[in-house]
Amino acid sequence: MNKQDRIYVAGHRGLVGSAIVRSLKRSGYENIIGRTHSELDLKDQAAVRAFFDEEKPDVVVLAAAKVGGINANNTAPADFAYENMAIQCNVIGAAHDHKAKKLLFLGSTCIYPRMAPQPIPEDALLTGPLETTNEAYAIAKIAGLEMCKFFKRQYGDDFISCMPTNLYGPHDNYDLKGSHVLPAMIRKFHEAKVNGAPSVTLWGTGSPLREFLYVDDMADACVFLLENYSGEQHVNIGTGKELTIRELAELVRDTVGYTGTIVWDDSMPDGTPRKLTDVTKLHSLGFHHKVDLPEGIRLSYDWFRKNVDNARM
Ligand SMILES: NC(=O)c1ccc[n+]([C@@H]2O[C@H](COP(=O)([O-])OP(=O)(O)OC[C@H]3O[C@@H](n4cnc5c(N)ncnc54)[C@H](OP(=O)(O)O)[C@@H]3O)[C@@H](O)[C@H]2O)c1
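Predicted, not measured: the structure shown is a model, and the values here were computed from it.

Rules and cut-offs
- Residues numbered from 1 in each chain as written.
- Predicted model: local features only at pLDDT ≥ 70, side-chain atom pairs only at ≥ 80, totals over all residues.
- Heavy atoms only, no water.
- Pairing = 2+ DSSP bridges.
- Helix = DSSP H or I, 4+ residues; strand = E, 2+ residues; numbered from the N terminus.
- Contact = heavy atoms within 4.5 Å.
- Axes fitted to C-alpha atoms, helices over the stretch in contact; angles between N-to-C directions.
- Near = heavy atom within 4 Å.
- Polar contact = N/O pair within 3.5 Å; in protein donor to acceptor, adjacent residues only side chain to side chain.
- Areas by Shrake-Rupley, 256 points an atom, 1.4 Å probe, with all protein chains shown as cover.
- Nonpolar A, V, L, I, M, F, W, Y, C, P; charged D, E, K, R; others polar.
- Phe/Tyr/Trp six-rings, centres within 6.5 Å; stacked < 30°, edge-to-face > 60°.
- Buried < 20%, exposed > 50% of the residue type's maximum accessible area, 1.4 Å probe, protein only.
- Lys NZ or Arg CZ within 6 Å of the ring centre and 35° of its normal.
- Parallel < 35°, antiparallel > 145°, perpendicular 65-115°, else oblique.
- Left-handed = near helix turned anticlockwise from the far one by under 90°.

Visitor: So what exactly am I meant to see when it comes to the sheet that holds strand β5 (residues 159-164) here?
Guide: Paired through backbone hydrogen bonds, the strands of a sheet run either parallel or antiparallel to each other. The strand order across the open sheet formed by six strands is β2-β1-β3-β4-β5-β10, and the pairing between neighbours is parallel. Lying at the two open borders of the sheet, with one neighbouring strand each, are β2 (32-33) and β10 (235-237). With four bridges joining them, strand β4 (residues 102-106) and β5 adopt parallel strand pairing. In the sheet register, Phe 105 faces β5, and the bridge partner there is Ser 161. In this fold helix α4 (residues 77-97) packs onto β3 (59-62), β4 and β5, with an angle of close to 170° to the strand it touches most, β3. In the packing of helix α5 (residues 135-155) onto the sheet, the strands contacted are β4 and β5, and the crossing angle to β5 comes to about 150°.

Here it is as structure tokens:
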């Protein structure tokens, strides 16, 4: 890659896409191209081809996707499968036809089997049954990373994939119907503090173990891989550190400064019991995250308070 390259970031306004745009700019890349969902629906193959004809990007970062929490995945599996497969077929296909010199595909760790060995190495892929609550989304993502592998194998395209762990940070989605667990906790504790509520109810038992990565660290890892990695196998991106959802709740509660009680609604699903990425490969390539969870939550809460009027709620 060189600093004059025309870089198309699909999903440039999302949590991941906006962080990658910030990281590219920090690294001196200025020719960054973006289109909002309303300007360019990536499910529309003809529109995607016309966009590539017009813009001729040298590098493509595919950070656009239909994304959501357990509830959203559970209630709309067909939409998660179809929309994500359509987006990735159209963008990866057009990048190939327009001879883009590099493409980065973003999946997520839900691609791994429900009972994968922990921490989860890259080669645990397709070694067992998936977590049912987000199976449709996982299958779409597996299709995407395998497609990148096949374009590399058949045509030599330098299409790579990465699998970030759970992400959080600026521009996250705080809409409780579709958000992930960490932004949901920040909003619930904040509103309970503001309204003087005696307690906050959280989903599940609090016992699942999870890993969280600050999104700007994830974005720096993506730029690092764009510049330094051309392997066929996908690369996990994480911290290698985990905590229980109960410990996370206490960390967010204390960061927000809420003093009421936490109530656990164990009639709601916990999801997979443990999900920790093996980041040996990422570290061996020379990348290591910088922002640890307490600081990341503090930065995210600062962003939330400053943007509570225009955040996704
Ligand atoms: N969030 C996480 O914890 C996490 C963890 C691991 C991996 N990832 C990966 O990161 C990628 C992005 O996730 P995210 O968290 O950044 O999601 P996000 O904040 O919802 O961003 C997704 C972006 O894609 C756009 N988009 C969706 N459908 C589109 C379409 N048909 N045409 C054009 N644009 C479309 C959305 O625009 P609108 O909002 O306008 O629809 C949004 O800007 C996904 O591939 C996901 O697998 C995320």
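Visitor: Would you mind showing me how to read the site of the ligand here?
Guide: Inspection of the region around the ligand gives 26 residues, with Val 16, His 37, Tyr 137, Lys 141 and Arg 312 positioned closest. Take His 37: an N or O atom from its side chain is 2.8 Å from an oxygen atom of the ligand. Residue Tyr 137 places a side-chain N or O atom 2.4 Å away from an oxygen atom belonging to the ligand. Considering the ligand on its own, with 890 Å² of exposed area, one finds that the protein chains cover 86% of that surface. For the shell around the ligand, the secondary structure elements donating two or more residues are α1 (15-26), α5 and β6 (166-168). Here the shell around the ligand is composed, by residue class, of 13 nonpolar, eight polar and five charged.

Visitor: Help me out: how do you make sense of the packing of aromatic side chains in this one?
Guide: Given two aromatic rings, one states the distance between the centres and the angle between the planes to describe the pair. As enumerated under the stated definition, the model contains twelve aromatic pairs in all. Judged by centre distance (6.0 Å) and plane angle (90°), the ring pair of Tyr 8 and Phe 52 falls under edge-to-face. Here Tyr 8 is found in strand β1 (residues 7-10), whereas its partner Phe 52 is found in helix α2 (residues 45-55), with 44 residues between them in sequence. Like Phe 52, Tyr 8 is buried. Seen in terms of ring centroids, Tyr 174 and Phe 304 are 4.7 Å apart; in terms of plane orientation they differ by 45°. Their pairing is tilted. Here Tyr 174 is found in the loop between β6 and α6 (181-195), whereas its partner Phe 304 is found in helix α10 (residues 293-306), with 130 residues between them in sequence. Since its relative accessible area comes to 0%, Phe 304 is described here as buried. Counting every residue linked through ring pairs, the aromatic cluster contains Tyr 174, Tyr 301, Trp 303 and Phe 304. Sitting over the face of the ring of Tyr 29, Lys 3 holds its NZ or CZ atom 4.1 Å from the ring centroid. Lying over the aromatic face of Phe 80, Lys 66 brings its terminal NZ or CZ to 5.1 Å of the ring centre.

Visitor: Which parts of the structure should I look at to understand the packing of α4 against α5?
Guide: A pair of packed helices is captured by two measures, namely the crossing angle of their axes and the spacing between those axes. Contact pair α4 / α5: the axes reach a minimum separation of 8 Å and the direction vectors enclose 15°. Classified by the angle between their axes, α4 and α5 sit roughly parallel to one another. For the pair α4 and α5, the crossing hand works out as right-handed. Where α4 abuts α5, its residues Pro 77, Phe 80, Ala 81, Asn 84, Met 85, Gln 88, Cys 89, Ile 92 and His 96 lie against Ala 136, Tyr 137, Ile 139, Ala 140, Lys 141, Ala 143, Gly 144, Met 147, Cys 148, Phe 151 and Tyr 155. In terms of residue class, the contact of α4 with α5 is built from 15 nonpolar, four polar and one charged.

Visitor: When you look at the packing of α2 against α4 in this model, what are you seeing that I'm missing?
Guide: In contact at an axis separation of 10 Å, α2 and α4 are set at 35° when each is read in the N-to-C sense. Between α2 and α4 lies a crossing of right-handed hand. Contacts between α2 and α4 pair Gln 45, Val 48, Arg 49 and Phe 52 from the former with Asn 90, Val 91, Gly 93, Ala 94, Ala 95 and Asp 97 from the latter. Looking at side-chain class alone, the contact of α2 with α4 contains five nonpolar, three polar and two charged residues.

Visitor: Could you clarify how one ought to interpret the sheet that holds strand β11 (residues 243-244) in this entry?
Guide: Read from one edge to the other, the open sheet built from three strands follows the order β11-β8-β13, with strand pairing classed as mixed. Each edge of the open sheet carries a strand with a single partner, namely β11 and β13 (274-275).

Visitor: What am I meant to see in the environment of Tyr 168 here?
Guide: Within the secondary structure layout, Tyr 168 lies in strand β6. Taking C-alpha positions, Tyr 168 is 34 Å from Glu 54, a pair spaced 114 residues apart along the chain. Ignoring sequence-local partners within four residues, the contact set of Tyr 168 consists of Leu 15, Leu 182, Phe 212, Leu 213, Tyr 214, Val 215, Asp 292, Leu 293, Gly 296, Ile 297 and Ser 300.

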